[in-house]
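Secondary and tertiary structure notes
Okay, here's what each chain looks like letter by letter:
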Amino acid sequence: MTITKNQRKKQASSGNRLSPYQRYYLIFIGIAVVVPFVPVIIRAFSFSWFWPSILPTKWWWEARENAWQPLGWDYIFSGPSHVGEAIINTVFIAIVVTIVCTAISLPAARVIAWEKFRGKSAVEFFLLTPLIVADIAIGLGILITFLQLGLTGGYVGIILAHLIPTTPYMVRVLTSVFQGLSRDYEEQARLLGATPLKTLWFITMPMILPGIMAGGLFAFLISTNIFLLTFFVGQGNIVTLPTMLFAKVIGGSSLDTIGAEVALILSLPGLILLIITERFLKEEIFAKGFGG
Amino acid sequence: MTELVLQNLVKKFDDVTAVDNFSLTIPTGGFVALLGYSGCGKTTTLRMIAGLEEPTSGEIFIDGQSILHLAPNHRNIGMIFQRYVLFPHMNVEKNVGFGLRMTGVHKDEIRERTKEALDTVQLAGYEKRFPSQLSGGQQQRVAIARTLITKPKLLLMDEPLSNLDAKLREEMRSFITELQKSLNITTLFVTHDQIEAIELADNIGLMFAGEMVQYGTPEEIFNHPNTPEIADFMGATNLMHGEIVDLTPDICKINIDGNLISVKTQPDATVGDKITMTIRPEHMEFFSVDDDGTPSANVIDGTIAEAVYHGGTVSYYIKSGNIDLQSRQRSTVTFDTESKIKIHLPPEHLWVFPGRDRQPATI
Ligand SMILES: Nc1ncnc2c1ncn2[C@@H]1O[C@H](COP(=O)(O)OP(=O)(O)OP(=O)(O)O)[C@@H](O)[C@H]1O
Ligand SMILES: [Mg+2]
């Protein structure tokens, strides 16, 4: 096994040499992804930064010593900023959304992938509509309904709202996973004496775990980035990183230091999750997740 | 002790009738093979017995009790799938012990019985391997161990050997026969390979288009097929049409394309009946035209149209007037293409099909 690992490495380094065209293309993509972040990062560590200077005239760490109140990151990590609360809210909501979304999507995907029924293509299309209809239309729609039901201003309402854009992704990912999974495994387990629930737990779940990971990562990332629905349904009662960021930038023409810092923090949950799941990504589980 | 009874089973998928009015009884310890073309409904029949498919109508009894209301996990029926279906995320030990874990057997007993089961299939020492690290034959044996460990009342096997190479298939055939006999477990085995069915089973059920067309011992089906289609499926492609011209209580003379062929008289034969008969390719005897030892009766003239050499045998395609015959002979005696020969059709190997205008008559 040790040999194969080395061999694989060798093959990867020698076998996948890029053409110059491919290399330039990758560099271009890299620049396109990273460059927009640069001003945000600089902004997050600056105190004063004005047109037309390329770098800040005063950095945050130069200004903080003789400031009479917490500046920049010091403010972020101080109580009154509510950033800690926003992080906790964002992550908590995202975790619950991911779990509930998986629980809803699993049976749906299984049926769509394995069963033939009348109106199947209609159901599949219907599942995609949240991706087609504009956020704001959905948001206003739910707001009216949720106001009636008294679901505004609380976690339950926000979590329900977040399920709308996350579930279509999850169902799609899991459907293609189930399509690649033979029903024989479940049937064999049943014949060996397993109840449907035990079959789900001991056979189906472990076998589709890669798909659940991929779908879960999406659901989590989508949830942590939702502004509009959270803002509408939360009614300002519940502060998350996106609502906080939007509050910071909504009126102003430019990104201030605090806003830039919140933006950076907002990217953290995804980044951390990506690192955690990196092991799975390496094992081409992502590819499997989309294996359709 | 398990007797399986299928009673008028029907399964319809939308407008396709996969299984049609299918009845079968397997006594305790019996080994029956379901034999038929691809798509004739063999798998569907097994799946209904296992509880994976609900019959459109009909009944399934085990020891006199209907099992239709039972979920698959309560039927205690073992099924071996064509593609083994080992759980890829579990090693051999976990795979084999799965059924016992699901039914809450104590850990120590599971270990004990897993070891026993792996011994039975000659895979001791493979406990920690994963399915992907096993050969096809080994995977199949793990699948068998995994099913047998739960002590099923009934064993269903769906073409379990079709994914194995020829040599391994031979080995597994005798392995399965021995195992089945030693456990005395009632077994229904599905295959589309007639040799496999003949070698393994006590009885063969022949299934065409969802219906049971003949049921009997391998010998009956092989030598006495009910219809030309069955004969063809069993590899006897020779069809001869004729008319009964003379009858004595013992001998029945048939005119076949101008040749007078004798067979043993069947009870309700009458002169003038139109019949169809067959002979298996390996049962014809060839003589050269000038051979003095040629029998005097049941001999027809023929010309060899084509000869195909196999390993130890030669297939001859023969024309005799309007009759086309196919024969298999030991390759020591060889006849060239176009050569004229005399063909002896031994009366004991001629088989007259029973049927509406094919009068029952035999041997
Ligand atoms: N789930 C299903 N939906 C619709 N039709 C089906 C279904 N399962 C089987 N059929 C049809 O029923 C018929 C019998 O299928 P079955 O799988 O029982 O055949 P089989 O004898 O096992 O064939 P093979 O030797 O190829 O495995 C076929 O025409 C098949 O297309
Ligand atoms: Mg089949």
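Every value quoted in this text rests on a predicted model; they were computed, and no experiment measured them. (Residues numbered from 1 in each chain as written. Chains lettered and ligands numbered in written order. Predicted model: local features only at pLDDT ≥ 70, side-chain atom pairs only at ≥ 80, totals over all residues. Heavy atoms only, no water.)

Let us now look at the overall build of chain B. Counting secondary structure elements, chain B contains 8 helices and 21 strands. For chain B, the proportion of its 363 residues judged to be buried stands at 50%. A separation threshold of at least 6 residues defines the contact pool for chain B, and within that pool the share at least 24 residues apart is 66%. Within the structure as shown, chain B displays about 16,700 Å² of accessible surface, and the carbon and sulfur contribution to it stands at 49%. Taking the 33 positively charged and 48 negatively charged side chains of chain B as two groups, their mean positions are separated by 10 Å. (Helix = DSSP H or I, 4+ residues; strand = E, 2+ residues; numbered from the N terminus. Buried < 20%, exposed > 50% of the residue type's maximum accessible area, 1.4 Å probe, protein only. Contact = heavy atoms within 4.5 Å. Areas by Shrake-Rupley, 256 points an atom, 1.4 Å probe, with all protein chains shown as cover. Lys, Arg positive; Asp, Glu negative; His and termini not counted. Charge placed at Lys NZ, Arg CZ, Asp CG, Glu CD.)

In this section: the environment of B:M234. Relative to the assigned elements, B:M234 resides in the loop between α8 (228–233) and β11 (240–247). It is 9.4 Å that separates the C-alpha atoms of B:M234 and B:D193, two residues lying 41 residues apart in sequence.

Our focus in this paragraph is unusual backbone geometry. All names here are of chain B. At N8, a residue that is not glycine, the phi angle is positive and equals roughly 45°. You can see N8 is positioned in strand β1 (residues 4–13). Phi at N184 takes a positive value of approximately 50°, unusual for a residue other than glycine. Among the structural elements, N184 can be located in the loop between α5 (166–183) and β8 (186–191).

Residue and element names in this part refer to chain B. Within the secondary structure, T265 is located in the loop between β13 (259–264) and β14 (274–278). Along the sequence, T265 and M207 sit 58 residues apart, while their C-alpha atoms lie 30 Å from each other. Ignoring any residue separated from it by four or fewer positions in sequence, one finds T265 in contact with L247, T248, P249, D250, I251 and C252. Here T248 takes part through its backbone oxygen, which lies 2.9 Å from a polar atom of the side chain of T265. Here the side chain of T265 touches C252 through a polar contact of 3.2 Å, landing on its backbone nitrogen. (Polar contact = N/O pair within 3.5 Å; in protein donor to acceptor, adjacent residues only side chain to side chain.)

The subject of this paragraph is a nonpolar patch on the surface. A surface patch of nonpolar side chains, about 880 Å² in accessible area, is lined by A:L18, A:Y21, A:Y25, A:L26, A:F28, A:I29, A:V33, A:V34 and A:V38. Along the chain, the position of A:L26 falls in helix α2 (residues 20–34). (Patch = residues over 30% accessible without salt bridge, like charges linked within 9 Å, V, L, I, M, F, W, Y side chains within 5 Å. Salt bridge = Lys/Arg side-chain N within 4 Å of Asp/Glu carboxyl O.)

Residue and element names in this part refer to chain B. Neighbouring ligand 1 are F13, A18, Y37, S38, G39, C40, G41, K42, T43, T44 and E159. Within the backbone of C40, an N or O atom sits 3.2 Å from an oxygen atom of ligand 1. Taking K42, its main chain carries an N or O atom lying 2.8 Å from an oxygen atom of ligand 1. When ligand 1 is considered free in solution it has 630 Å² of accessible area, and contact with the protein chains removes 63% of it. With 3 residues, helix α1 (residues 42–50) is the single largest residue contributor to the shell around ligand 1. (Near = heavy atom within 4 Å.)

With that settled, consider the packing of helix α8 (residues 135–149) of chain A against helix α9 (residues 155–179) of chain A. Residue and element names in this part refer to chain A. One way to put it is that α8 packs onto α9 with a least axis distance of 11 Å and a crossing angle of 145°. The handedness of the crossing between α8 and α9 comes out as right-handed. Contact residues: α8 offers I138, I142 and F146, while α9 offers G157, L160, A161 and I164. Here the contact of α8 with α9 is built from residues that sort into 6 nonpolar, 1 polar and no charged. (Axes fitted to C-alpha atoms, helices over the stretch in contact; angles between N-to-C directions. Left-handed = near helix turned anticlockwise from the far one by under 90°. Nonpolar A, V, L, I, M, F, W, Y, C, P; charged D, E, K, R; others polar.)

Another aspect to go through is the confidence of the model for chain B. All names here are of chain B. Confidence along chain B averages 89 in pLDDT terms, with 97% of residues attaining 70 or more. Note that pLDDT drops below 50 for residues 358–363; the model gives that stretch 30 contacts with residues more than four away or on any other chain. Scoring of the predicted complex yields 0.80 for pTM and 0.84 for ipTM. (pLDDT = per-residue confidence, 0-100.)

Taken as a class, soluble globular proteins show a tendency for nonpolar side chains to be buried jointly. Core analysis: the biggest nonpolar cluster contains 66 residues, and B:I49, B:F98, B:L156 and B:L188 have the highest contact counts within it. Ranked by the residues each element gives to this core, the list is headed by α9(A), at 8 residues. Discounting chain neighbours no more than four positions away, the residues touching B:I49 are B:L4, B:L6, B:I60, B:I67, B:R75, B:I77, B:L154, B:L156 and B:L188. Core analysis: the next-biggest nonpolar cluster, separate from the first, contains 41 residues, B:L123, B:L134, B:I149 and B:L161 among them. (Core = buried A, V, L, I, M, F, W, Y, C linked by side-chain atoms within 4.5 Å.)

Our focus in this paragraph is the confidence of the model for chain A. Residues and elements named next belong to chain A. Per-residue confidence for chain A gives a mean pLDDT of 82, with 88% of residues at or over 70. Element-level pLDDT for chain A is lowest in helix α15 (residues 285–289), with a mean of 45, against a maximum mean of 96 in helix α10 (residues 184–191). For the stretch residues 284–292, pLDDT sits under 50, and the model shows 17 contacts to residues farther than four places along the chain or on other chains.

In this assembly, 24 residues from chain B lie in contact with 16 residues from chain A. Buried area between chain B and chain A, summed over both chains or domains, comes out near 1,900 Å², and the portion from carbon and sulfur atoms is 64%. In terms of surface lost to chain A, no three residues of chain B exceed B:N73, B:H89 and B:M102, which account for 29% of the buried area on that side. Along the contact surface separating chain B from chain A lie 2 salt bridges. Where A:E187 meets B:R47, a salt bridge forms, and the shortest distance between an N and an O atom there is 2.8 Å. Counting across the interface, chain B meets chain A through 6 residue pairs in polar contact (both at pLDDT 80 or more). Contributions of two or more residues to the side of chain B that touches chain A are made by α1, β6 (77–80), α2 (92–102) and α4 (136–148) of chain B. Of the residues forming the side of chain B that touches chain A, the biggest block, 3 residues, is contributed by α2(B). For the side of chain B that touches chain A, the residue count by class is 15 nonpolar, 6 polar and 3 charged. (Buried area = accessible area lost by both parts, 1.4 Å probe.)

By the element assignment, B:T45 lies in helix α1. Beyond its immediate sequence surroundings of up to four residues, B:T45 is in contact with B:L6, B:V19, B:F22, B:L34 and B:M207.

Moving on, we come to the pairing of strand β4 (residues 57–62) of chain B. Residue and element names in this part refer to chain B. Across 5 bridges, β1 lies against β4 in antiparallel orientation. Bridging from a neighbouring strand, V10 pairs with S57 of β4. Both β4 and strand β5 (residues 65–66) contribute to a ladder of 2 bridges, which runs antiparallel. Its bridge partner lying in β5, I62 is registered against Q65. In sequence, β4 turns back onto β5 through a hairpin of 2 residues, with D63 there showing a positive phi of about 50°. (Pairing = 2+ DSSP bridges.)

Right, let's get into α8(A). Residues and elements named next belong to chain A. Look at α8: 21 Å from first C-alpha to last across 15 residues, which is about the 21 Å you get at 1.5 Å a residue. Within α8, burial applies to I138, G139, I142, L143 and F146. Angularly, the buried residues of α8 cover 135° about the axis, an arc narrow enough to put them on a single face. Projecting away from the buried face of α8 at angles above 90 degrees are the exposed residues I144 and Q148. Looking at the buried side of α8, the elements it contacts are α7 (120–132), α9 and α12 (228–234). Of the residues one or two after α8, G150 is the one with positive phi, at around 70°. (Expected span 1.5 Å × (residues − 1). Arc of directions from axis to C-beta.)

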